[in-house]
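One letter stands for each residue in the lines below.
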Amino acid sequence: MRDDLIYLDYAATTPLDPQVAELMSAMLKNDTSFANSSAVHIAGRRASVIVEQAAAQLARLLNCAPAELIWTSGATESNNLAITGAARYRTHRGKHLITMPTEHKAVADVFRALETQGFDVTWLSPDESGSLDLQDLDAAFRDDTTLVSIMYVNNETGVLQDIAAIGERCRNRDVLFHVDAAQGVGKLPFDLASLPVDLASMTAHKVYGPTGIGALYIADRPRCHVEPLYYGGGQQHGVRPGTLPVTLIAAFGLAAEIATSSMATDFEHVQALRERLWAGLQPIAGVVRNGDAENSYPGILNVSIDDIEGESLLLALEPLCVATGSACNSQNQEPSYVLRALGRDDALAQSAVRVSFGRMSTESEIDFAVERYRESVERLRAIAPGRAASAT
Amino acid sequence: MRDDLIYLDYAATTPLDPQVAELMSAMLKNDTSFANSSAVHIAGRRASVIVEQAAAQLARLLNCAPAELIWTSGATESNNLAITGAARYRTHRGKHLITMPTEHKAVADVFRALETQGFDVTWLSPDESGSLDLQDLDAAFRDDTTLVSIMYVNNETGVLQDIAAIGERCRNRDVLFHVDAAQGVGKLPFDLASLPVDLASMTAHKVYGPTGIGALYIADRPRCHVEPLYYGGGQQHGVRPGTLPVTLIAAFGLAAEIATSSMATDFEHVQALRERLWAGLQPIAGVVRNGDAENSYPGILNVSIDDIEGESLLLALEPLCVATGSACNSQNQEPSYVLRALGRDDALAQSAVRVSFGRMSTESEIDFAVERYRESVERLRAIAPGRAASAT
Amino acid sequence: MTFEPYSDEVRKLFSHPEHAGEVDGGVESFVEDQGVRIRLTMAHIDDRIEELRFQAWGCPHLLAACEWFCATCETGTLADLRHFERSELMQTLAVPVEKTGRILVLEDAVRSLGAAVRDTST
Amino acid sequence: MTFEPYSDEVRKLFSHPEHAGEVDGGVESFVEDQGVRIRLTMAHIDDRIEELRFQAWGCPHLLAACEWFCATCETGTLADLRHFERSELMQTLAVPVEKTGRILVLEDAVRSLGAAVRDTST
Ligand SMILES: Cc1ncc(COP(=O)(O)O)c(C=O)c1O
Ligand SMILES: Cc1ncc(COP(=O)(O)O)c(C=O)c1O
């Protein structure tokens, strides 16, 4: 890290793994890997081999077939392609869909758009820990239900959903199951050979790859179909056309390969860091932890604090780079709907800070964060007038 | 170029400008430029400054306002967003659209999809030179026409359309005008302050930038609106959401800046190369030039040849990397509809080879291409039986 | 697309709020509205302001605005309180329009401080 | 996604078609179908094939197939012409299924060559 800031916003986007950066740099300077991978000439065929290798690398991480992967520009596009594409493809069977209000906007907003297009959406609220109650899901299924979309790891709190149990319920009813796995892929086991998942979204920049490249898993057995979001030169069987960004794809492939081998170490590392962080923050008066301590991905710690204004806290924390609300949309200062759904009141939701870290994070960064958080809270509390102050 | 191949497929995708490659490499190794440009923290704000600079660079090339540019994953997405987005936004005014069959598939296939969604599309065929006859356009307008989409530079032949004249006709009738400018931006003047264009698509990898990043110009005066193709975290005013790929955007910006200053030199360079190439090929018996020699972008030369099978020609030409048909979809061996529209018969369309070159191309590459083409034609002709051969 | 939420001035005032605190035994005003709270305390000798302090709970713009107000009006006169206007402040600190509501709370607090002076002095 | 249209075998045969040409005064067959043309000429002594040459217009797979056929059957016997089957060829050269139609044209030409031998020898 450049020493003028401390980056603890890995859930928004991760730094590039140095090996990935090196691969990309080498490719950028190589004269032939840039070519159009669907061209028949030598350069094109070389590019297509690179694309195939990357698909194999990502497929190994997910334990699926390379042909089950479609390259997209990121998880936002993957989510849209999966949800809109499958919902539209299946309208002959029904127009009822199921999801949760705690999904990322790249899922929730898709369902909101579908609601305006004649689809009927059931929004299942989580329990206090953030989890989906499976009985609620059972009760929500209807004869015309075609698709369920539930995320793997929540981007604000790290809370996990029980993908296997949800998927099994969908399979039993012949309902498609889409998983926004953007925060989980490469960090936690996600074995598509054994999970009953039909569609899964992911994005390279959450797993030490570059921004601008994502993937959508579309299961082959049972075979799942989606309508394209857009049309063009027929690349990727027309499901997602456009000249393939070979360098980005190769980078995602390598990031996936590295994740496959370092997942266990990475996990232990972030687990230790989260413990250290929480041990440092917990003693501060009024601190509340958002999200289940056990049932969550340990690379994220989300804390709120009594009677501290969130925006001022964030500025006071500088040069810490952490997030408030949904970091993917931090310009929006409205209190997080995810935290509201966990039962936090406006003030607590508004003071929530998400600290997220990963492979390159260090103990000293965590210690710095703790120190800075303490100081900031102290300083802002010192400035604040008591609520009980007598008005003139 | 690596000396085991000669890359002459610039119309499919260009090599990276070395300065662009260098910028990207530097950014890939820089610890903070990767961040999420909509995050409020320092790293996010730095990223947002980079994005803004790139928008300014691209806006200077196009003579438009930075706020009129939306980042996409490439021209395929831009075309879809523009055409589907504007057509849907304007359905209250009508559902009649106008385009040409010689458009790139990333335009033509969008219209074909819209035809299945209740839109009525008029397909205007070009004259023998490949140009749109403006009188045909005048005759095609209807009261319910909402959008015209005509490309600037044809990707197979280089043929130019009269964007100013077409745009003026659209403006007079309050019809939106979209231009697929993927092959023209950065290579030929395209001044959006003076051209009556409402929407224009472009992609970085046709102008010495990376694949995976494109842009859509959406005019502000008069203000033009499009419906999003997909939904998410609200980035880019919700028109095209998703975490912005900062490195790719910066690279596109730099590529645009370089194009602004080197456009004239680049043009002279490719013009000289095309003359040299044509001078070399013209003497070969049966060679036909596809597309107007005058009214075309000189970085593309498309030639057909009598009685030579296209696929074998292409293999014989190796290690030349050139294209047959529409290079963006060369896996598809059907004869080019663009050449058919120019009046070429199946055999001539099928033997068409597109040689395209640019900033890094050299005279010796062109000479090699000429030599190789002559030899290949000779060899294949020697193997072929005469048509008049007596059957047993 | 770009997003630089705080001017340098706001950053400076927010980080070094030299007038944060209270004047023991001074006149005071307190306003709570728009989700923010402001308490102003002041010592004055006749018409001259001797010491002006604030306590506030709110966003960085509000905190910086309070600091700016105190720094600007301290050593001024009571008339300055009456003439206090948000426009100069908003321009100097480059406060975004959507935060006008919060700055109006500061205006209220300042007026209310002026009123408190009149109350105590009559 | 990957696309390697030609096997090494096809590339080799296409680049070095050692049996391209014609046998002066030999028996010959000519077939034009499926957009391709093939002419085979052959010299034989009794049952033994002495020389086998092709001329062809078509895709690389077809040209390579013609070369493979000539190289394989030259120095064979006329019975080999009757027994010629596309399956071994398609496997050895890894010809994609969608090109079967063109390889059938070669089969026709070979059969027609066999017939031509019978015609001339009776
Ligand atoms: C859970 C989740 N889904 C989807 C996305 C969107 O990914 P992208 O911005 O790469 O499109 C994000 C992060 O931005 C995320 O955290
Ligand atoms: C004219 C034209 N439009 C659109 C495209 C599609 O661009 P991209 O593959 O970057 O999406 C291309 C090339 O592929 C093109 O030549």
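Placed above this text is the structure.
The sections below set out a description of the structure shown in this document. (Residues numbered from 1 in each chain as written. Chains lettered and ligands numbered in written order. Predicted model: local features only at pLDDT ≥ 70, side-chain atom pairs only at ≥ 80, totals over all residues. Heavy atoms only, no water.)

## Overview of helix α11 (residues 363-383) of chain B
An ideal rise of 1.5 Å per residue puts 30 Å on 21 residues; α11 of chain B measures up with 30 Å between its terminal C-alpha atoms. For α11 of chain B, every residue scored as buried is listed here: E365, I366, A369, V370, Y373, S376, V377, L380 and I383 of chain B. (Helix = DSSP H or I, 4+ residues; strand = E, 2+ residues; numbered from the N terminus. Expected span 1.5 Å × (residues − 1). Buried < 20%, exposed > 50% of the residue type's maximum accessible area, 1.4 Å probe, protein only.)

## A look at the pattern of salt bridges
Within this structure, the stated rule accounts for 58 salt bridges over all chains. The salt bridge involving R90 of chain B is made with D174 of chain B; its shortest N-O contact spans 3.8 Å. Taken together, the residues span a long stretch of sequence, with R90 of chain B in the loop between α3 (75-89) and β3 (96-99) and D174 of chain B in the loop between α6 (163-172) and β6 (176-180) at a distance of 84 residues. By relative accessible area, which is 10% here, R90 of chain B ends up buried. Between R86 of chain D and E107 of chain D there is a salt bridge, with its nearest N and O atoms 3.0 Å apart. A residue pair is termed long-range when its members are at least 10 positions apart, and R86 of chain D in helix α4 (residues 86-93) and E107 of chain D in helix α5 (residues 100-121) qualify at 21 residues. E107 of chain D sits in the buried class, given a relative accessible area of 9%. (Salt bridge = Lys/Arg side-chain N within 4 Å of Asp/Glu carboxyl O.)

## Digging into the interface of chain A and chain B
Contacts between chain A and chain B engage 69 residues on the former and 69 residues on the latter. The contact between chain A and chain B buries some 5,600 Å² in all, and 60% of this surface belongs to carbon and sulfur atoms. The largest share of the area that chain A buries against chain B comes from L28, F34 and Y231 of chain A, three residues that together contribute 12% of it. For the pair chain A and chain B, the interface holds four salt bridges. Two residues, R45 of chain A and E318 of chain B, come together in a salt bridge whose shortest N-O distance is 2.9 Å. In this assembly, chain A and chain B are joined by 13 residue pairs in polar contact (both at pLDDT 80 or more). When contributions to the side of chain A that touches chain B are tallied by element, the ones reaching two or more residues are α1 (18-29), α2 (42-62), α3 (75-89), α4 (105-115), α7 (246-281) and β11 (320-321) of chain A. Broken down by class, the residue content of the side of chain A that touches chain B amounts to 33 nonpolar, 24 polar and 12 charged. (Contact = heavy atoms within 4.5 Å. Buried area = accessible area lost by both parts, 1.4 Å probe. Polar contact = N/O pair within 3.5 Å; in protein donor to acceptor, adjacent residues only side chain to side chain. Nonpolar A, V, L, I, M, F, W, Y, C, P; charged D, E, K, R; others polar.)

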